[in-house]
Amino acid sequence: MKKVSRENLDALFAAIAEAKKLYLPVADGTDEKRGVKYSVWTPEAKYAAEAVNTVRSAKDFFFPQVENMVNFKVNGKKIEVDDIRTECEDFVIFGVRACDAASFKILDSVYLSEPVDTYYQNRREHGVVMTMSCSKPSETCFCSVFGIDAAEPAGDVSCWLTDDAVLMQANTEKGEALLASLPMLEDAADDAAEESKAKTKAILEKLPLKNLSTDSFGGDKLMELFSSDKWASLSEACLGCGTCTFVCPTCQCYDIRDYDTGHGVQRFRCWDSCMYADFTKTAGGQPRPTQLERFRQRFMHKLVYYPANNDGVFGCVGCGRCMKSCPISMNIVKVMKTLGEGNA
Amino acid sequence: MQSEMMKRASELLADGTVVRVLGWKNGEFVYDPTPAVFDSAEALEKDFVYHDFCGSNLSKYLIKLSKLEGKTLVFLKPCDSYSFNQLLTEHRIKRENVYIIGVPCDGKLDPDKVREAGAEGILGITTDGDTVKAETMYGEVSVSKKDCLLERCEVCKSHKVVVYDEMLGENGEENPESGRFDMVAKLEAMTPEERFAFWRGELSRCIRCNACRNICPACSCEQCVFDNPASGVSQKAAADSFEENMFHIIRAFHVAGRCTDCGECSRVCPQHIPLHLLNRKFIKDINTYYGEYQAGAEEGSRAPLVNFTKEDCEPNVVYKGGSK
Amino acid sequence: MQVNQEFKPKIVAFCCNWCSYAGADLAGTNRSNYPADVKIIRVPCSCRVNPLFILRAFQRGADGVILCGCHPGDCHYTTGNYYARRRMTLLFSMLDYLGIEKERTRVEWVSAAEGAKFAATMNEFVETVTALGENKRLEDLRCKAK
């Protein structure tokens with residue numbers, strides 16, 4: 001285990017940023033109080049160490065909202081294809097929470113299984129994830145429900161905050177290489193983080209949602225959940241906006257579109273949302289004609305379809321972003337509680 | 001107020017005046033009630049709530065509900081009643097299928113502002129006069145109520161429920177001195193460069209989740225132009241800064257003259273973009289150029305953009321006389 | 001402001017079929033000069049112009065957009081231009097509010113008999129936009145020719 005004192009943290013950031021692009025959570029520049037977002041580190045940037053989570057998730061780094069895939073030039077009957085893929089620059093994301101780190105595993109299982117998504121793979125290979133254990137979880141946090149430990153975040157390097165230092169533990173080769181390149185790191189005892197972990201665990205015990213049950217969900221509950229008559233009342237207020245899917249760290253659906261620039265065609269992909277009326281619309285029509293089916297799709301995917309194909313791992317990491325962002329305050333916790341009623 | 005509302009709703013359900021009640025359903029926490037339909041006194045008893053976090057505007061749901069069989073009872077706050085009137089004017093709601101109970105409102109709270117005041121891990125919130133007390137996992141936090149009001153409530157344009165079948169409590173008054181255009185005026189006084197920088201900073205945060213559009217009672221089209229592949233401008237994401245600007249300019253324009261300034265767009269924006277400043281600019285311009293107009297104040301009034309006078313000013317007021 | 005002598009702005013002019021388009025015709029017949037960078041799009045009435053049209057013109061590379069219609073009171077459809085007048089006033093004011101140079105947009109009323117006014121208007125508008133330079137604030141980078 002390594003450590004750096006809190007006064008030296010900025011020097012550490014500077015050293016990382018010298019070799020690689022460094023992103024970390026900072027208070028949104030437009031207005032101090034309006035949320036935290038990942039930004040490129042600059043000497044003026046102030047690391048928001050306390051903020052439990054960014055408004056947007058960390059999936060943006062590997063799966064950006066909009067991404068150009070290929071360009072075409074049309075000349076008479078000839079089409080020229082311009083492959084615009086280039087090797088991605090190395091980058092480091094600092095301060096990722098345990099929930100977001102766990103979400104990368106879920107994205108990996110989708111994008112790195114055959115056929116491999118090379119756009120995603122490129123970014124994933126060049127990104128080093130430095131996680132930070134949570135010091136001030138929010139009432140909306142429920143990662144423990146899905147077996148995630150906020151005191152033991154995954155990632156290439158795990159970090160813990162103590163009163164006077166930041167402790168670091170490399171978990172992968174990429175992480176070790178990064179730590180080895182930072183001369184200001186000092187050695188620390190292997191159990192130096194225990195106190196910080198114990199503090200976090202004590203708070204996790206007090207979380208109001210920690211007893212949320214997943215017993216009623218999983219791949220084998222497909223038919224009874226699909227045909228539940230509770231979906232009607234759950235979905236009645238849903239507006240069909242895409243907020244929950246866009247702030248979600250594990251939502252991974254996208255649409256591919258062509259943009260005619262007037263002198264060529266740009267093929268790009270962008271996030272799509274199963275909440276939208278034109279999601280997976282085909283010439284044959286819309287497979288989910290009303291908001292009820294669309295609403296059901298999202299939660300069935302997280303709680304049933306995904307675990308059915310991934311050894312029972314749920315497609316939610318309990319970050320709580322959808323709970324804070326939904327315009328009408330409908331969210332996965334309410335869905336789980338309502339569907340679980342009477343079954344538990 | 002909540003118990004009075006439940007009592008009245010149960011009575012109206014019992015005597016058959018209405019067959020369903022549209023209100024707010026208790027959430028997971030104190031601050032997250034969801035709009036919901038109740039069809040029995042038991043259901044009301046179980047989940048119905050009305051408190052300082054019931055900010056969501058229920059009017060838009062009536063487009064669908066008023067087309068069902070039987071009457072729907074709805075509780076409308078002052079803001080919501082303007083939206084209701086506007087939807088009536090646009091023939092989107094069947095008035096005869098709605099029974100309105102007006103409820104007074106002295107401002108709703110924004111849970112994000114309570115958080116920003118230092119309350120992380122909120123377990124409970126109580127309001128005592130002008131103080132909001134949040135009990136959190138990390139201790140108690142007290143904030144003054146006016147510091148955590150929703151933006152629209154800070155500059156409330158009217159405490160008056162403009163359409164109702166019956167009123168619970170005392171109806172309020174309009175508040176023409178609300179100062180809701182102050183920020184617009186401040187922006188107008190800036191140089192174009194400063195304004196451009198301001199709006200780029202705000203609009204570049206947009207994630208195109210469409211929350212602003214879908215919550216908006218004025219955005220009631222069956223299919224939005226931005227969802228219509230035949231329109232040539234349909235987008236699922238803003239792929240260029242131009243598209244961020246275009247979406248918000250056009251959205252504000254499509255509701256210009258019809259926007260009642262209910263402030264829902266700003267309330268729901270996950271990125272906290274002050275979208276109301278776009279709508280208010282149109283309202284302010286309409287007031288200046290075509291005379292004071294409040295959408296939804298009167299059922300059947302003619303919106304300024306489907307109206308004209310021969311003496312209207314020329315568009316060159318903008319570049320000759322307009323702001324700096 | 002520094003005037004770039006090389007810069008030739010692209011101007012889109014929406015002209016109503018009944019007055020302004022005929023006015024442009026007359027300008028041509030009279031051999032009045034106006035810059036070839038003005039691209040005319042004929043519309044049935046100035047009222048046909050949706051605010052999206054104006055924005056799309058900028059997106060596709062226009063540096064200035066002008067809308068020409070019949071004089072108020074002379075609309076072929078009686079009242080179309082009155083509505084257009086309100087719409088464009090509000091739209092232009094909004095663009096200005098967003099910090100986009102207000103001189104890039106304009107409305108002029110040109111009748112079928114005003115060939116000279118059409119040419120003069122276009123000359124003056126092109127001059128104004130040339131002085132402003134390229135449209136940067138309302139451009140779509142994807143549409144820039146490479």
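Residues numbered from 1 in each chain as written. Chains lettered and ligands numbered in written order. Predicted model: local features only at pLDDT ≥ 70, side-chain atom pairs only at ≥ 80, totals over all residues. Heavy atoms only, no water.

Facing the 48 residues of chain A at the interface are 45 residues of chain B. Across the interface of chain A and chain B, roughly 3900 Å² is buried in total on both sides, 54% from carbon and sulfur atoms. For chain A, the biggest contributors to the area lost against chain B are Arg34, Glu139 and Glu236 of chain A; these three give 17% of the whole. At the surface where chain A touches chain B, the tally comes to 7 salt bridges. Among the salt bridges present, the one from lysine 236 of chain B reaches aspartate 272 of chain A, with a minimum N-O distance of 2.7 Å. Applying the counting rule to chain A against chain B returns 24 residue pairs in polar contact (both at pLDDT 80 or more). Of all the secondary-structure elements, those providing two or more residues to the side of chain A that touches chain B are helix H5 (194-206), helix H8 (243-247), strand S11 (254-260), strand S12 (265-271), helix H10 (321-325) and helix H11 (332-340) of chain A. Looking at side-chain class alone, the side of chain A that touches chain B contains 23 nonpolar, 10 polar and 15 charged residues. (Contact = heavy atoms within 4.5 Å. Buried area = accessible area lost by both parts, 1.4 Å probe. Salt bridge = Lys/Arg side-chain N within 4 Å of Asp/Glu carboxyl O. Polar contact = N/O pair within 3.5 Å; in protein donor to acceptor, adjacent residues only side chain to side chain. Helix = DSSP H or I, 4+ residues; strand = E, 2+ residues; numbered from the N terminus. Nonpolar A, V, L, I, M, F, W, Y, C, P; charged D, E, K, R; others polar.)

Once that is clear, we can look at the sheet that holds strand S7 (residues 131-136) of chain B. Residues and elements named next belong to chain B. Ordered by their spatial adjacency, 3 strands build an open sheet running S6-S7-S8, and the pairing between neighbours is antiparallel. This sheet does not close on itself; its edge strands, each paired only once, are strand S6 (122-128) and strand S8 (139-144). Adjacent strand axes in the sheet meet at a mean angle of 20°, parallel and antiparallel pairs treated alike. Pairing geometry for S6 and S7, over 6 bridges, is antiparallel. Directly across from threonine 126, in S7, lies its bridge partner lysine 133. (Pairing = 2+ DSSP bridges. Axes fitted to C-alpha atoms, helices over the stretch in contact; angles between N-to-C directions.)

On to the domain arrangement of chain B, then. Residue and element names in this part refer to chain B. When the domains of chain B are assigned, the result is domain 1 (2-108 + 158-167), domain 2 (110-148) and domain 3 (182-306). Computed from C-alpha atoms alone, the centre-to-centre distance between domain 1 and domain 3 is 26 Å. Opposite the 16 residues of domain 1 that make contact, domain 3 presents 22 residues. For the pair domain 1 and domain 3, the summed buried surface comes to about 1400 Å²; carbon and sulfur atoms form 49% of the total. (Domains from an automatic or database assignment.)

Residues and elements named next belong to chain C. Taken together, the 4 strands give an open sheet; going across it, the order is S2-S1-S3-S4, and neighbouring strands pair in parallel fashion. Two strands in the sheet have a free side with no partner beyond their single neighbour: strand S2 (38-43) and strand S4 (105-109). Going from strand to strand, the sheet's axes swing by 20° on average, the running direction of each strand aside. Across 5 bridges, strand S3 (residues 64-69) lies against S4 in parallel orientation. Across the sheet, leucine 67 pairs through a bridge with valine 107, a residue of S4. Helix H1 (residues 20-29) rests against strand S1 (11-16), S2 and S3 of the sheet, and its axis sits at about 115° to S1. Those strands touched by helix H2 (residues 51-59) are S1, S3 and S4, and its axis lies near 145° from that of S3.

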